[in-house]
Every structure is written in C-alpha cells, then in structure tokens.
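Geometric and topological summary
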Amino acid sequence: MNENLFTSFITPTMVGIPIVLLIIMFPSILFPSPSRLIDNRLVSIQQWLVRLTSKQMLSIHSHKGQTWALMLMSLILFIGSTNLLGLLPHSFTPTTQLSMNLGMAIPLWAGTVATGFRYKTKASLAHFLPQGTPFPLIPMLVIIETISLFIQPVALAVRLTANITAGHLLIHLIGGATLTLTSISTITAFITLTVLVLLTILEFAVALIQAYVFTLLVSLYLHDNT
Amino acid sequence: MKTKLACKNVYLLNFSRNSTDRVTDKVPVKEKKLMDVKLGELPSWILMRDFTPKGIAGAFQRGYYRYYNKYVNVKRGGVAGISMVLAAYVLFNYCRCYKELKHERLRKYH
C-alpha cells in the first residue's frame with residue numbers, strides 16, 4: 001500500500017520510453033483553433049470562457065500590463081486543463097511535479113520583476129520600504145521585504161504542487177479505504193460520500209489555477225503600474 | 001517472347017471489359033488506400049509508406065482532422081466528440097500502469 005500510493009506520481013514511461021512529453025502536450029488537442037467567425041459548439045464554448053476570463057482578469061491592468069494577456073490566458077488554460085485531466089482515473093498530472101511548476105513560476109515572476117525594474121526603477125526599488133516605517137527599523141524591513149520578494153516564485157510553485165498532490169493522495173487513500181470497508185457496511189456509505197464530496201471540492205482545482213494566475217497577476221500589477 | 005506476353009497482359013488489362021475488374025486494379029500499389037490493397041500486396045504496401053518524420057506528422061495530422069471533422073466540427077455536435085477522446089485517454093493510461101495495477105486485483109493468490 002505504501003509503495004503504490006506514490007506510483008501515480010512517478011514520471012510515466014511505457015516500455016522504457018518516457019512519454020511524459022506526450023502527456024504534457026495532450027491538453028492542446030482539446031482546444032482546437034477557431035477558423036471561422038462562428039465555429040462548432042466546442043470552440044464556441046471555449047471562446048466564450050476565454051473572453052469571460054480575460055475580461056475579468058485584465059480589467060485592472062493598464063495598457064502595459066494588458067500586453068501580457070496572451071501569456072496569462074494560455075497559462076490559465078494550460079494549468080486548468082492539466083489539473084482537470086488529472087482527475088480522470090489512472091491519469092498522470094504533470095503539475096504534481098515540482099520541477100514543472102518551478103519552471104513555470106520562476107521565469108514568469110522574473111519577467112514581472114524585470115519589467116518593473118526596467119520601466120519604473122525608482123518605484124520598484126521603493127517597494128522594499130513601506131511608507132511610514134520608523135527610522136531604526138529600516139534595515140531590517142528592507143531585508144524582510146527582499147526575502148518576501150524572492151520567496152514569491154517558490155511560493156507559487158510549491159502552492160500548486162502541494163495542492164494538487166495532496167488532493168490526489170487523499171483520493172487514493174479514501175478510495176482505497178472505501179474499497180476495504182465494503183465488507184463492513186454502513187460505514188461504507190459514509191466514506192463513499194466523503195470521497196464524492198472530496199472529489200467535488202477537488203474539482204475546484206480550477207479555482208487553484210485561478211489562484212495561480214491571480215497571484216501572478218497581482219505581482220505583475222504591483223511591479224508594473226503602481 | 002517475354003515482351004509478347006507483357007503486351008498481351010497489358011492489352012487484356014487495359015482493354016478487357018470484365019465486370020469483376022475494379023478501377024483500383026490499374027492504380028499502382030503505392031497510391032492505393034488500405035482497403036483497396038490486396039492481401040498479397042500488403043507487405044510491399046507497408047514498406048512503401050512514408051516513414052520520414054514529415055510523413056509521420058502528416059499521418060497524425062490526417063488522422064486528427066478526420067476525427068475532428070467527423071465528430072466535433074459539425075453543426076450540432078454533442079459530448080460524444082470529446083468524451084470519446086477522454087475515454088481513449090483513460091484507456092491509454094490504464095494500459096500504461098497495468099503493471100502496478102495487476103497487484104491490486106481481488107484474488108487469493110497474486
């Protein structure tokens with residue numbers, strides 16, 4: 001039981017060939033590119049969703065921040081579809097790997113910091129010292145603000161990894177417990193209900209991507225526009 | 001003698017009017033579709049296919065668009081188009097992890 005609890009998180013290989021790249025690229029098949037003014041139902045639904053999300057998300061940005069629209073929308077689509085596909089039975093979720101989430105978080109965060117430093121150097125440096133701090137506290141506060149800046153990408157990556165991994169592990173554990181308890185009834189019904197409720201809550205993994213892109217966005221907003 | 005036989009065969013093939021002869025009998029093997037290839041010609045047909053990366057990519061693209069235009073890109077598509085893809089994905093992942101899953105069967109002896 002201990003060994004096969006974590007086997008769903010190892011990088012998938014099939015007859016010795018690593019197919020993890022195929023699995024990462026699989027969600028792109030589910031988003032066909034629109035070719036006409038009015039397309040089929042799948043494309044129309046996806047277009048409506050993208051328009052809804054982008055309007056809501058990019059409304060608070062200035063013109064400079066809105067140039068990141070394509071990046072942010074593809075980010076939310078990728079993470080959302082990857083997390084949702086991971087809820088299918090036996091599938092592998094790439095976002096459970098910390099390596100991948102760090103690979104997404106660090107370049108994007110570095111991009112926002114670099115943009116802030118390049119176009120508004122004084123304002124970006126001024127972030128390190130909140131307004132109205134007492135004079136003796138300034139060195140310590142600058143150190144604290146620097147640490148909190150550098151922890152942002154790590155927090156982004158670890159947050160996504162930990163949430164998705166914990167959800168999958170819980171589903172495995174509770175599902176396994178349910179199966180073992182089928183010989184002892186009345187508790188079974190309660191456990192099955194818990195599994196169902198947990199799965200529904202886990203489908204708010206979509207909310208997690210919302211959190212991901214939103215925090216990235218907040219960072220972009222702060223660095224760019226203030 | 002050989003050329004006379006070849007000429008006779010060519011004549012028969014091109015100018016005979018048998019009702020059992022199909023159009024695909026006169027097409028070279030390389031350009032036939034799979035269902036028109038005779039069983040004896042199958043190995044040579046397989047070997048003549050384009051196995052370059054461009055050819056393989058073209059095959060995947062043709063397959064994708066064949067499925068897409070039949071089930072998704074229609075006026076009133078339903079959930080069948082995308083749910084067949086997801087079911088195939090689940091099946092693929094099941095085959096991938098079968099080695100670990102076979103230990104979890106409900107059997108007395110594993």
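Residues numbered from 1 in each chain as written. Chains lettered and ligands numbered in written order. Predicted model: local features only at pLDDT ≥ 70, side-chain atom pairs only at ≥ 80, totals over all residues. Heavy atoms only, no water.

In terms of helices and strands, chain A carries nine helices and two strands. By the compact-globule yardstick of 17 Å for 226 residues, chain A is too spread out, its C-alpha radius of gyration being 22 Å. Projecting the C-alpha coordinates of chain A onto the three principal axes gives extents of approximately 70 × 55 × 40 Å. The buried share of chain A, reckoned over its 226 residues, is 34%. Of the contacts formed within chain A by residues at least 6 apart in sequence, a portion of 71% connects residues at least 24 apart. With the model as given, the accessible surface of chain A reaches about 13400 Å², and the carbon-plus-sulfur share is 74%. The average position of the 9 basic charges and that of the 5 acidic charges among the side chains of chain A differ by 16 Å. (Helix = DSSP H or I, 4+ residues; strand = E, 2+ residues; numbered from the N terminus. Rg over C-alpha atoms; globule rule 2.2 N^0.38 Å. Buried < 20%, exposed > 50% of the residue type's maximum accessible area, 1.4 Å probe, protein only. Contact = heavy atoms within 4.5 Å. Areas by Shrake-Rupley, 256 points an atom, 1.4 Å probe, with all protein chains shown as cover. Lys, Arg positive; Asp, Glu negative; His and termini not counted. Charge placed at Lys NZ, Arg CZ, Asp CG, Glu CD.)

This brings us to the side chain of Thr95 of chain A. Take Thr95 of chain A: it is sitting in the loop between helix H4 (69-85) and helix H5 (98-119). A polar atom in the side chain of Thr95 of chain A sits 2.7 Å from the side chain of Asn83 of chain A. (Polar contact = N/O pair within 3.5 Å; in protein donor to acceptor, adjacent residues only side chain to side chain.)

A cluster of basic side chains, namely Lys99, Lys102, Arg105 and Arg107 of chain B, defines a positive patch on the protein surface. Among the structural elements, Arg107 of chain B can be located in the segment after helix H5 (98-101). (Patch = residues over 30% accessible without salt bridge, like charges linked within 9 Å, V, L, I, M, F, W, Y side chains within 5 Å. Salt bridge = Lys/Arg side-chain N within 4 Å of Asp/Glu carboxyl O.)

Attention shifts here to unusual backbone geometry. Despite not being glycine, His90 of chain A shows a phi value in the positive range, around 65°. With respect to the element layout, His90 of chain A can be found in the loop between H4 and H5.

As a further point, take the packing of helix H3 (residues 41-58) of chain A against H4 of chain A. Residue and element names in this part refer to chain A. Put simply, H3 and H4 touch, their axes get as near as 11 Å, and they point 125° apart. When the interaxial angle is binned, H3 and H4 end up oblique. Handedness of the H3/H4 crossing: right-handed. Each of Val50, Thr53, Ser54, Met57 and Leu58 in H3 lies in contact with H4, whose residues at this interface are Ala69, Leu72, Met73, Ile76 and Leu77. (Axes fitted to C-alpha atoms, helices over the stretch in contact; angles between N-to-C directions. Parallel < 35°, antiparallel > 145°, perpendicular 65-115°, else oblique. Left-handed = near helix turned anticlockwise from the far one by under 90°.)

Quick look at the nonpolar core now. What tends to happen in soluble globular proteins is that the nonpolar side chains get buried as a cluster. Core analysis: the biggest nonpolar cluster contains 22 residues, and Leu72, Leu75, Ile79, Met104, Tyr212 and Val213 of chain A have the highest contact counts within it. Residue assignment for this core shows that the elements contributing at least two residues are H3, H4, H5, helix H7 (138-180) and helix H9 (205-225) of chain A. Excluding residues within four positions of it along the chain, Val213 of chain A makes contact with Met57, Leu72, Leu75 and Ile76 of chain A. Counting residues in hydrophobic clusters, the runner-up holds seven residues, among them Ile23, Phe26 and Leu30 of chain A together with Tyr89 of chain B. (Core = buried A, V, L, I, M, F, W, Y, C linked by side-chain atoms within 4.5 Å.)

As a further point, take the interface of chain A and chain B. With 22 residues of chain A in contact, the opposing surface of chain B contributes 21 residues. With both sides pooled, the region where chain A packs onto chain B buries about 1900 Å², and carbon together with sulfur makes up 67% of that total. It is Asn40, Arg41 and His90 of chain A in chain A that bury the most area against chain B; as a group they hold 30% of the surface buried on that side. At the junction of chain A with chain B, the criterion picks out zero salt bridges. Inspection of the region where chain A meets chain B yields four residue pairs in polar contact (both at pLDDT 80 or more). Within the residue set of the side of chain A that touches chain B, elements represented by two or more residues are strand S1 (13-14) and H3 of chain A. Sorting elements by how many residues they give to the side of chain A that touches chain B places H3 of chain A first, with three residues. When the residues that make up the side of chain A that touches chain B are grouped by side-chain class, the tally is 14 nonpolar, six polar and two charged. (Buried area = accessible area lost by both parts, 1.4 Å probe. Nonpolar A, V, L, I, M, F, W, Y, C, P; charged D, E, K, R; others polar.)

When pLDDT drops low, the exact placement of atoms in the prediction is not to be read closely. Residues and elements named next belong to chain B. Summing up the model confidence of chain B, the mean pLDDT is 81 and the portion of residues at 70 or higher is 89%. The secondary structure element of chain B with the lowest average pLDDT is helix H1 (residues 2-15), at 70, and the one with the highest is helix H4 (residues 80-96), at 93. The complex prediction reports pTM at 0.82, with the ipTM value standing at 0.84. (pLDDT = per-residue confidence, 0-100.)

Next up on the list: the packing of aromatic side chains. All names here are of chain B. Scanning all chains against the criterion turns up eight aromatic pairs over all chains. For the ring pair Tyr64 and Tyr65, a centre distance of 5.2 Å and an interplane angle of 75° mean the geometry is edge-to-face. The partly exposed category is assigned to Tyr64, whose relative accessible area is 28%. An aromatic cluster is defined as three or more aromatic residues linked by ring pairs; in this entry it consists of Tyr64, Tyr65 and Tyr68. (Phe/Tyr/Trp six-rings, centres within 6.5 Å; stacked < 30°, edge-to-face > 60°.)

The next thing to look at is the environment of Lys38 of chain B. All names here are of chain B. Here Lys38 lies in the loop between H1 and helix H2 (42-47). A relative accessible area of 43% places Lys38 in the partly exposed class. In sequence terms Lys38 and Arg22 are 16 residues apart; their C-alpha atoms lie 12 Å from each other.

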